[in-house]
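Residue-level structural notes
Okay, here's what each chain looks like letter by letter:
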Amino acid sequence: MSITVTSKPLTYREKVDILRRQKEEMTQKKMKHWTRPGHFDTDDKGYIVPPEGYSFELEPNEPKDPDHRVYGAKQWAKNFYRFLDLHPPYVDPYSSLAGAYMDKLEWHNSGGWFPRDDYPELRVFHQLYDLVSGVHGAHHFHHDVGEIGFKLGWKGILEKIRHHKQVHKDDPDKLAFLEAEETVVLGIQEWIRHNADLARDMAETERDPDFKANLKRMAAMNYRLINEPPETFIEACQWLTWFLLQSSMYNGSGAGGALELLLNPFFEKDMAEGRLSEDEAIYHLACLLLKDTQYFEIGGTYPDGRDRTGKISWLTIEASHWLRIPTALCLRIHENINRDFVKKSVEYMFQDKTSNPSYIGDKCMVEGFMKNGYTEELARRRYKTGCNWCALPGIEYTLNDTVKINMAKVFEVAYEQMLSDSERSTDNLWKLFDKHLGKAVEVIKDSVDLHTERSWFYRPELALDFMCHGPIEKGLDISHGGVEYYNFGIDGAALGTVADSFASLERAVEEEGVMTWDEVDAALKANWKGFEDKRLYMKNTPRYGFGGTKADDYAKRIVECLNHHVKKCPTPKGFNCIPGLFSWANTIGMGKAVKATPNGRFAHEPITHGANPEPGFRESGALTAMGIAVAGVQPGYGNTAPIQLEIDPVLAKGDEGVENITSFLMTYCNDLKGSLVNINIVDRDRILDAYEHPERHPDLVVRITGFSVYFSTLTPEFRKLVVDRIIQN
């Protein structure tokens, strides 16, 4: 990267503007690169295209394995060390923080289980109900950088591992695990050294005095951080960056943490000693947010209930505003939060149209998690960690968002069985749905147990284990007993599809006699071909979300049914499970597994998104109605049922629009006890033009679900889903 000598140093804001433009250009370049060819329907992430000639090949356990499978802690660690050593270093003179990732270890491994360890009895039901089982799922829990990384540094972590190697020297399995962790940390240290070397070398040839000073500072800082814990605000941001990048490179994990808790001590110390300004802090935070779409939380409360909002909270919102790129920032709303802070975030959201931040309701999450038997103090320590989930830093293993039940498929199985029964009725259909949903949950619980038995061997969490309390001390992977608490999330998907289908059948067949069961069956088998008038009739049945409808009643019954089956007992091995409602980006994939449904949906079309009603469920008063509906179906045990809102930016003209949305958020999160709010601010005309000509709008950001992306990077299929959802809502 060539830098032009400037007569006047760039301001921090100007540097961030350049970093944003580089990000947009890199995103378009990534779409053409081999690691992610074409389009992608997941988080944009912060990885960059590697230099020409870069390549990496895994060393599988069996050299002739055609799938290049890797298993066992030793082999994973060996490969990750090689991967880090070969990975090109990256230093951007416009950034205050070194490092970037250009590849992921998981992109080179097929994963999966070996035939000798197959589980055919469970696979039958995984396929029958179209379950996302969680077997072999990765990460989705929360590390504790503040209490481990920031206190020990990499050298201290290494010494801790070596100490426990001696403790467990007579246990071959535990010793092998700890040796693998040692290899990983040594690899991280060498990788940091490569980047520090690059910054040093660039500084020697740099002519611009401002950039030269930045590169020299970056080199010196990172040479120190190879061993020592951070002491300053910028060092804390850099240390956190190294940890998050390596975890993303290992298996895509990402959980930034509660930023006030992590960074406030460094910020206050630097400000008191006069070596940091607020603008400089915003710049460092922007550089941190740019590195990857990690899930950072701001706002919320301390464990004793005091408001956590402070300078870091405000500066992080400002950093996101400076950047105007997809991030995974989340603001936690509680009853005593500074309302002006929430309002400022809404104001920036309308200005920037980047769908940042999302909002999480503190009351629902805290009170819900306490229903699992935890104290309020512990519940308040459970921070936002991903698209829809929270976790206790370093002491809880969750597998959240890697387990999903396609309730539309469960409904289909129940419906087809009902047709063959002597009793054809919605009452019997409900009994069968209840039975099959119970079986699906039972299969998931068995799958969770299977995962904890084997995942530690096939893909241990080596990049996160050393940042948790217990795995190093016990010599056990976090998935295999390494930490104190185990709470497995079980998310139901397609709530609106199923609730509307029940209501449509009850109205059409049993109340108004517009169709017989045979006619419904014929219409569904024909995918509604030849039955368009009947399809429109079924589709226009008052739907879930409208308010006071049969579909609303069914939605609540479905959630109660899910709660019952999830909470009636732990897994056979005794693990607690927590219900939620979330589909992530599976709305398209799960829809493809489901035939035509009685609510007028065509075969293989997407299912309804998360806890949301079907798009277009109501014309007037939709925002209020949706809020009441989704708040009313919260499972209520500490996992979320997000609401996805699509809002026209015209609503924010003047202060009144911002005030109205702020009031909605405060009411929804506090009074209605909603759990999570995701918002899109998208102009109708622009999204329609971007659908036809995505290349014209490379900077258009949309929120898909828990994550946001550049619209142009989505596949045509996903672009259509987003456009339909936005236009109809």
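A brief report on the enclosed structure follows. The model shown is predicted, which means the values in this text are computed figures rather than measured ones. (Residues numbered from 1 in each chain as written. Predicted model: local features only at pLDDT ≥ 70, side-chain atom pairs only at ≥ 80, totals over all residues. Heavy atoms only, no water.)

Structurally, the position occupied by Ser355 is in the loop between α11 (339-352) and β4 (358-361). At 3.4 Å, the side chain of Ser355 forms a polar contact with the backbone oxygen of Ile679. In contact with Ser355, other than residues within four places in its own chain, are Ile679, Asn680, Ile681, Val701, Val702, Arg703 and Ser708. (Helix = DSSP H or I, 4+ residues; strand = E, 2+ residues; numbered from the N terminus. Polar contact = N/O pair within 3.5 Å; in protein donor to acceptor, adjacent residues only side chain to side chain. Contact = heavy atoms within 4.5 Å.)

The tally for this structure, following the rule as stated, stands at 39 aromatic pairs. An aromatic cluster of three or more residues is present, and its members are Phe150, Trp154, Trp239, Phe243, Phe266 and Phe466. Positioned over the ring face of Trp430 is Arg557, at 4.1 Å from the centre of the ring. Above the ring of Phe546, the side-chain terminus of Arg618 is found at 4.6 Å from the ring centroid. (Phe/Tyr/Trp six-rings, centres within 6.5 Å; stacked < 30°, edge-to-face > 60°. Lys NZ or Arg CZ within 6 Å of the ring centre and 35° of its normal.)

The next subject is the packing of helix α2 (residues 73-86) against helix α5 (residues 172-205). Relative orientation and spacing of two packed helices are given, respectively, by the angle between their axes and the distance between those axes. Close contact between α2 and α5 brings their axes to 8 Å; oriented N to C, the two are set at 5°. In terms of their interaxial angle, α2 and α5 are classed as roughly parallel. Contact residues: Ala73, Lys74, Ala77, Lys78, Phe80, Tyr81, Leu84 and Asp85 in α2; Ala176, Phe177, Ala180, Thr183, Val184, Leu186, Gly187, Ile188, Glu190, Trp191 and His194 in α5. Each residue belonging to the contact of α2 with α5 can be placed in one class, and the counts come to 12 nonpolar, 3 polar and 4 charged. (Axes fitted to C-alpha atoms, helices over the stretch in contact; angles between N-to-C directions. Parallel < 35°, antiparallel > 145°, perpendicular 65-115°, else oblique. Nonpolar A, V, L, I, M, F, W, Y, C, P; charged D, E, K, R; others polar.)

The subject of this paragraph is the layout of surface pockets. In this structure, the largest pocket encloses a volume near 860 Å³. Lining the largest pocket are 36 residues, and of these Glu106, His139, His140, Gly252 and Trp584 sit closest to its centre. Residues that form the lining of the largest pocket fall into these classes: 11 nonpolar, 17 polar and 8 charged. (1 Å grid on protein atoms, 1.4 Å probe; cavity = no way out; pocket = protein on both sides within 12 Å on 5 of 7 lines; lining within 4 Å. Points joined across faces, edges and corners; volume = space filled by probe spheres on them.)

Of note, Glu412 is situated in helix α14 (residues 407-420). Residues Glu412 and Thr597, spaced 185 residues apart in sequence, show a C-alpha to C-alpha distance of 7.8 Å. Beyond its immediate sequence surroundings of up to four residues, Glu412 is in contact with Ala593, Val594 and Lys595. Within polar-contact distance, the side chain of Glu412 engages the side chain of Lys409 at 2.7 Å. Within the structure, the side chain of Glu412 is placed 2.7 Å from the backbone nitrogen of Lys595, a separation counted as a polar contact.

Within the secondary structure, Gly638 is located in the loop between α23 (622-631) and β11 (643-647). Taking the C-alpha atoms as reference, Gly638 lies 4.5 Å from Met365; in sequence the two are 273 residues apart. Excluding residues that lie within four positions of it along the chain, Gly638 makes contacts with Met365, Gly368, Phe369, Arg382 and Ile578.

Bringing the side chain of Ser133 into the picture now. Here Ser133 is to be found in the loop between α3 (120-128) and α4 (145-167). For Ser133, a relative accessible area of 10% puts it in the buried group. Of the polar contacts made by the side chain of Ser133, one reaches the backbone nitrogen of Val135; its length is 3.2 Å. With residues up to four places along the chain from it excluded, the contact list for Ser133 reads His126, Thr402, Val403, Ile444 and Ser447. (Buried < 20%, exposed > 50% of the residue type's maximum accessible area, 1.4 Å probe, protein only.)

Moving on, we get to the packing of helix α15 (residues 426-458) against helix α21 (residues 550-567). Between α15 and α21, the least distance of the axes is 9 Å, while the angle of their chain directions is 35°. Considering only the axes of α15 and α21, their crossing is right-handed. Residues Thr426, Trp430, Phe433, Asp434, Leu437, Gly438, Val441 and Lys445 of α15 touch α21, and the partners they reach there are Tyr554, Arg557, Ile558, Cys561, Leu562, His565 and Val566. Looking at the contact of α15 with α21 residue by residue, the class counts come to 9 nonpolar, 3 polar and 3 charged. (Left-handed = near helix turned anticlockwise from the far one by under 90°.)

On to the pairing of β4. Taking every second residue as pointing to the same face, both faces of β4 are buried, with Ser358 and Ile360 on one and Tyr359 and Gly361 on the other. Examined bridge by bridge, strand β3 (residues 330-333) and β4 share 4 bridges and lie parallel to one another. Bridged to Leu331 within β4 is Tyr359. The pairing of β4 with strand β12 (residues 676-681) spans 2 bridges and is antiparallel. Directly across from Ile360, in β12, lies its bridge partner Leu676. (Pairing = 2+ DSSP bridges.)

With respect to topology, 6 strands assemble into an open sheet ordered β1-β2-β3-β4-β12-β11, the strand pairing being mixed. Taken across any chain shown, the strands that pair with only one partner, and hence form the sheet edges, are β1 (257-258) and β11. Set on the sheet, helix α24 (residues 654-671) makes contact with β3, β4, β11 and β12; between it and β12 the angle comes to about 160°.

We now examine the pairing of β12. Burial within β12 is extensive, with 6 of its 6 residues counted as buried. Where burial is concerned, the two faces of β12 agree: the one with Leu676, Asn678 and Asn680 and the one with Val677, Ile679 and Ile681 are both buried. Of the strand pairs in this sheet, β11 and β12 are connected by 5 bridges, and their pairing is parallel. Bridge pairing in β12 links Glu646 to Asn680.

Honestly, it's all geometry; don't read function into it.
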